[in-house]
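The residues making up each chain are set out below.
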Amino acid sequence: MKYNFDTTVERIETSCVKYDLRETIFGKSDVIPMWVADMDFETPDFIREAVIERALHPIYGYTFRDSSYYNHIVNWLDNNHQWKIEKESVVFCPGVVPALNFAVLAFTEPKDKIIVQPPVYFPFFGAVKSHDRELVYNQLLKTDNGYIIDYELLNEQAKDAVMLILCNPHNPVGRAWKIDELEKIAEICLKNNVMVLSDEIHADLVLPGFKHEVFANISPEVASITITTHAPSKTFNLAGLATSSVIITNPDLRKIFKDYVENLHIGMGNIFGMVASNAAYEKGNEWRLQLVDYINDNVDYVDRFITEQLPLVRVFRPEATYMVWLDFSKYGLSDADLKKRMIFEAGLGLNAGTDFGPGGEGCLRMNVACQRKTLEIAMHQFREVFSNNPNVSSL
Ligand SMILES: Cc1ncc(COP(=O)(O)O)c(C=O)c1O
């Protein structure tokens, strides 16, 4: 391995959400933070060097995204996801969540129905509800083989919906949707005139044995109803630089979206985001592949540890992302008790499953993008509280 993911970095007092907001979020300032989706790994040196080099220039005046920014994204998507697009299709946005909100505002009207597939990344709910649109839950089905899509229900719901927000790959259940699954969604959406907002921020974090399928790449027809979001932020640990892309190959839709963003005057972004994005996409593939291996080893460790030592917990092994979805239903605890035990007894800060909407009951989401030794400590603390105690539900 050329890169070292075992180096611990002190993050406390860096205005870091994951560490510095623990008291606010969990009511306990020393939980091991395994929640918000950023990683405890150093942003790679070639990105830091590029940012530092630009920072050494003594003027931080107005800048624009030159063609290098767009070309790097186009090449990355082609090389890594076999998606060929023109650079004109890429629109800059200062973050994926803002982009989802802008798309909802630009393409839908108040009271319109928008479908989401919970348990799902909760800002999807806000992107719908905070703009007075109606949320429609196409809840994923939990089966013995993992989570699947309820197409029958989707077919019904699509009849009077205007948009589907797809999480591809899916956070938190970790599915890297297969092509036939996406094709069925596409067929339903095309038939019912439902636009698809495909959030592909986790595309680069598909684990060995699985593949990311670009929804818009199914066919030109599907591309014409799709808005895709993508970013280097999850992959390269750059969320603080607020840099993402919205890819819209349909020129009519693109004009609507671009006008919307331009009218808000948020398209300029910051220079460091562009520099970091360029360095990531130009030099980052080897680092990314090693990262994915490290994450996969962490997932293996958690999976093995829990399966052997805490058999009442069901592990949904992710196919993508560094999130592990854990189901504690067999303990018979209320969600409030589950959360309390995890925070105050095990000393771990995980996301409550219920935050991800219907279907999240009895579950927790664990972020495993941390050093292995942190994970080992966390799993031992976890076992202390949740070891296979038949009385745990009555405690
Ligand atoms: C599916 C999904 N979309 C978007 C984001 C966040 O995107 P951004 O930080 O660019 O707003 C996350 C972060 O966890 C995510 O999981």
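Residues numbered from 1 in each chain as written. Predicted model: local features only at pLDDT ≥ 70, side-chain atom pairs only at ≥ 80, totals over all residues.

(A) Region of the structure containing the overall build of the chain. Secondary structure assignment for the chain yields 15 helices and 15 strands. Taken against the 2.2 N^0.38 rule, which gives 21 Å for 395 residues, the C-alpha radius of gyration of the chain at 21 Å falls within 12% of a compact globule. Here the chain holds 395 residues, and the buried ones make up 46% of them. The long-range share in the chain, meaning contacts at least 24 apart out of those at least 6 apart in sequence, stands at 73%. (Helix = DSSP H or I, 4+ residues; strand = E, 2+ residues; numbered from the N terminus. Rg over C-alpha atoms; globule rule 2.2 N^0.38 Å. Buried ≥ 20, exposed ≤ 12 C-beta atoms within 10 Å, placed from the backbone. Contact = placed C-beta atoms within 7 Å.)

(B) Quick look at the domain arrangement of the chain. You can read the domains of the chain as domain 1 (17-44 + 286-387) and domain 2 (48-283). For domain 1 and domain 2, the distance between their C-alpha centres works out to 25 Å. Listed per partner, the contact involves 28 residues of domain 1 and 32 residues of domain 2. Listed by contribution, the elements that provide at least two residues to the side of domain 1 that touches domain 2 are helix 13 (285-309), strand 12 (323-327) and strand 15 (363-367). Ranked by the residues each element gives to the side of domain 1 that touches domain 2, the list is headed by helix 13, at 5 residues. When the residues that make up the side of domain 1 that touches domain 2 are grouped by side-chain class, the tally is 16 nonpolar, 7 polar and 5 charged. (Domains from an automatic or database assignment. Nonpolar A, V, L, I, M, F, W, Y, C, P; charged D, E, K, R; others polar.)

(C) Spatial organisation of the site of the ligand. The local shell around the ligand holds 13 residues, among which A37, G95, V96, V97 and N171 are the closest. Considered class by class, the residues forming the shell around the ligand number 8 nonpolar, 4 polar and 1 charged. (Near = placed C-beta within 6 Å.)

(D) Structural context of the packing of helix 5 (residues 96-107) against helix 11 (residues 251-264). Running from N to C, helix 5 and helix 11 cross one another at 115°; their axes reach a closest spacing of 10 Å. The orientation of helix 5 relative to helix 11 falls into the category roughly perpendicular. With respect to the hand of their crossing, helix 5 and helix 11 are arranged in right-handed fashion. Seen from helix 5, the contacting residues are F102, A103, L105, A106 and F107; seen from helix 11, they are I256, F257, Y260 and V261. Its residues assigned to classes, the contact of helix 5 with helix 11 comprises 9 nonpolar, no polar and no charged. (Axes fitted to C-alpha atoms, helices over the stretch in contact; angles between N-to-C directions. Parallel < 35°, antiparallel > 145°, perpendicular 65-115°, else oblique. Left-handed = near helix turned anticlockwise from the far one by under 90°.)

(E) Layout of the sheet that holds strand 7 (residues 163-167). Overall, mixed pairing links the 7 strands, which are arranged 2-10-9-8-7-3-4 in an open sheet. Pairing within the sheet leaves two strands with one partner each, and these edge strands are strand 2 (90-93) and strand 4 (134-137). Averaged over all adjacent pairs, the angle separating strand axes in this sheet is 25°, with direction ignored. Across 3 bridges, the pairing between strand 9 (residues 226-230) and strand 10 (residues 244-247) is antiparallel. When the sheet's bridge partners are listed, T228 is paired in strand 10 with I247. (Pairing = 2+ DSSP bridges.)

(F) Summary view of the nonpolar core. The biggest cluster of nonpolar side chains holds 122 residues, and the ones touching the most others in it are L100, I114, L164, I165, L197, A276 and V368. Both domain 1 (17-44 + 286-387) and domain 2 (48-283) contribute no fewer than three residues apiece to this core. Residues contacting I165, with those up to four places away along its chain left out, are L100, I114, V116, F124, L197 and D199. (Core = buried A, V, L, I, M, F, W, Y, C linked by C-beta atoms within 7 Å.)

(G) Broad picture of the pairing of strand 8 (residues 195-199). Most of strand 8 is tucked away: 5 of the 5 residues are buried. Side chains M195, L197 and D199 project from strand 8 onto one buried face, and the interleaved V196 and S198 project onto a second face that is buried too. Bridge analysis of strand 7 against strand 8 gives 5 bridges, and the strand direction is parallel. Bridging from a neighbouring strand, L164 pairs with V196 of strand 8. Handedness of the strand 7-helix 8 (residues 179-191)-strand 8 crossover: right-handed. (Right-handed = clockwise from strand over helix to strand, strands pointing away.)

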